[in-house]
Protein chains: 2
Amino acid sequence: MNTNKNYIFRETRQRKRMMEILSSTKSHPTADWVYSQLKEDFPSLSLSTVYRNLRILKKQKRILELPFGHTFDRYDGNPAPHPHFACQKCKRVFDIDISGLENIFQNATRETNFKLEGFNLNLYGLCNDCKNDHASS
Amino acid sequence: MNTNKNYIFRETRQRKRMMEILSSTKSHPTADWVYSQLKEDFPSLSLSTVYRNLRILKKQKRILELPFGHTFDRYDGNPAPHPHFACQKCKRVFDIDISGLENIFQNATRETNFKLEGFNLNLYGLCNDCKNDHASS
DNA sequence: ATAGGTGCAAATGTTTTGCTGTCAA
DNA sequence: TTGACAGCAAAACATTTGCACCTAT
């Protein structure tokens, strides 16, 4: 991918459909899942096309990449940084709302003198569905 | 690695030295860096031994794994969860202190009903040294 | 027409696994 | 003595790259 600022992105059929898929789900899909979805419309689709476009959409700030290092990156149709909760049992990832987070960050940056450009905050544990379910595992 | 709870860990020379290395640095090293350090004492050391022991030390809760998905996992000799700041320029990772974070998490778990077991919070931006340095890059 | 994009195959970089011999308890 | 562990090589896994052809603009 070109890193030139004046690079002109094209809206190919694949990329257009891909953005639709990403926007229409809250499931924080993996690259592989996006691939399998997109493959339905483009049978000859290549995985590298998916990765290439994920990077481009991220660069365009149309999507957000969530680094969950333990497994692999996941992507979010919503480009605004926000905290997530990952259930360790069912593996789902939820958007959560933590009020007052901005103030806390402001305090932190004031104390450290760092220039804060973003964050990623991932909580983990057991979700509502799983925390009372002692049946499996 | 055995997942049996009654698994008896041995304190091999390699693992002992590795824990010393991890405890005595604040640099949030990569697996590869640990390998290169440990290799000085064990010339025939294998990378898989490092990974195996990182996983074991993590399982023993003697170290903490920091998932920085964009690059690769990093490890910390301090097992208590705490926020980090990653400088996008010099690539260093700092421990930071954000007061009031616990309260915020308590609010979040009360609202969501999730069972919170941990978190990882990584801020990123420019550190003190880099934010005023427009010379390079 | 041109330059960005696609599909394919091969490469990359990190982490894991199978196996055989070894050493800590 | 015995079973957890070391070292080695190969595999696994997500992701990236080189290249020739294709297509959006």
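To keep things clear, this report deals only with the structure shown in the data block. Note that the coordinates shown come from a computational prediction; the quantities given were computed from them, not determined experimentally.

1. Section: the sheet that holds strand S3 (residues 84-87) of chain A
Hydrogen bonds between backbone atoms are what pair the strands of a sheet, whose relative direction is either parallel or antiparallel.
Then step 1. Within the open sheet, the 6 strands sit side by side as S4(A)-S3(A)-S5(A)-S5(B)-S3(B)-S4(B). Their pairing is mixed. The open sheet has two edge strands, strand S4 (93-95) of chain A together with strand S4 (93-95) of chain B, and neither has a second partner. Here the strands of the sheet are splayed against their neighbours by 25° on average, with no regard to which way each runs.
Then step 2. Against the sheet, helix H4 (residues 101-112) of chain A touches strand S5 (115-126) of chain A together with strand S5 (115-126) of chain B, its axis set at about 130° to S5 of chain A.

2. Considerations on the protein's contact with DNA strand D
Then step 1. Close to DNA strand D lie 25 residues, the nearest being Tyr51 of chain A together with Tyr7, Arg10, Thr12 and Arg15 of chain B.
Then step 2. For DNA strand D, the backbone makes up 67% of the atoms found within 4 Å of the protein, where backbone means sugar plus phosphate.
Then step 3. At 2.9 Å, a side-chain N or O of Gln14 of chain B approaches a sugar or linking oxygen of DNA strand D.
Then step 4. Between DNA strand D and Ser44 of chain B, the relevant distance is 2.9 Å, taken from a phosphate oxygen to a main-chain nitrogen or oxygen of the residue.
Then step 5. Going through the elements one at a time, helix H3 (47-59) of chain A together with helix H1 (13-23) and helix H3 (47-59) of chain B are the ones with two or more residues in the surface near DNA strand D.
Then step 6. Sort the elements by how many residues they give to the surface near DNA strand D and H3 of chain A lands first, with 5 residues.
Then step 7. Of the residues belonging to the surface near DNA strand D, the class tally is 8 nonpolar, 8 polar and 9 charged.

3. Remarks on H1 of chain B
Then step 1. Buried residues of H1 of chain B: Arg15, Met18, Met19, Ile21 and Leu22 of chain B, and no others. Each buried residue of H1 of chain B sits inside an arc of 160° when the element is viewed along its axis, so together they form one side.

4. Some points on the relation of the copies chain B and chain A
Then step 1. By a simple turn and slide, chain B fits onto chain A: the slide is 0.0 Å along the axis, the RMSD is 0.1 Å, and the turn is 179°. Between the two chains, the operation in question is that of a two-fold axis.
Then step 2. Mapped onto chain A, 100% of the interface residues of chain B again fall at the interface, so both copies present the same surface.

5. Here's the deal with H4 of chain A
Because each turn of an α-helix spans 3.6 residues, side chains separated by three or four positions in sequence point in the same direction.
Then step 1. Compared with the 16 Å implied by 1.5 Å per residue over 12 residues, the 17 Å span of H4 of chain A between its first and last C-alpha is a close match.
Then step 2. Inspection of H4 of chain A places Leu101, Ile104, Phe105, Ala108 and Thr109 of chain A among the buried residues, and these make up the whole buried set. Burial along H4 of chain A is one-sided: seen end-on, the buried residues are contained in an arc of 130°. Opposite the buried face of H4 of chain A, by more than 90 degrees, sit the exposed residues Arg110 and Glu111 of chain A.
Then step 3. Those residues of H4 of chain A that are buried lie in contact with S5 of chain A together with helix H4 (101-112) and S5 of chain B.
Then step 4. Once H4 of chain A ends, the next one or two residues include Asn113 of chain A, with phi positive near 70°.

Cut-offs applied
- Residues numbered from 1 in each chain as written.
- Chains lettered and ligands numbered in written order.
- Predicted model: local features only at pLDDT ≥ 70, side-chain atom pairs only at ≥ 80, totals over all residues.
- Heavy atoms only, no water.
- Pairing = 2+ DSSP bridges.
- Helix = DSSP H or I, 4+ residues; strand = E, 2+ residues; numbered from the N terminus.
- Axes fitted to C-alpha atoms, helices over the stretch in contact; angles between N-to-C directions.
- Contact = heavy atoms within 4.5 Å.
- Near = heavy atom within 4 Å.
- Polar contact = N/O pair within 3.5 Å; in protein donor to acceptor, adjacent residues only side chain to side chain.
- Nonpolar A, V, L, I, M, F, W, Y, C, P; charged D, E, K, R; others polar.
- Buried < 20%, exposed > 50% of the residue type's maximum accessible area, 1.4 Å probe, protein only.
- Arc of directions from axis to C-beta.
- Least-squares fit on C-alpha atoms with pLDDT ≥ 70 in both.
- Expected span 1.5 Å × (residues − 1).

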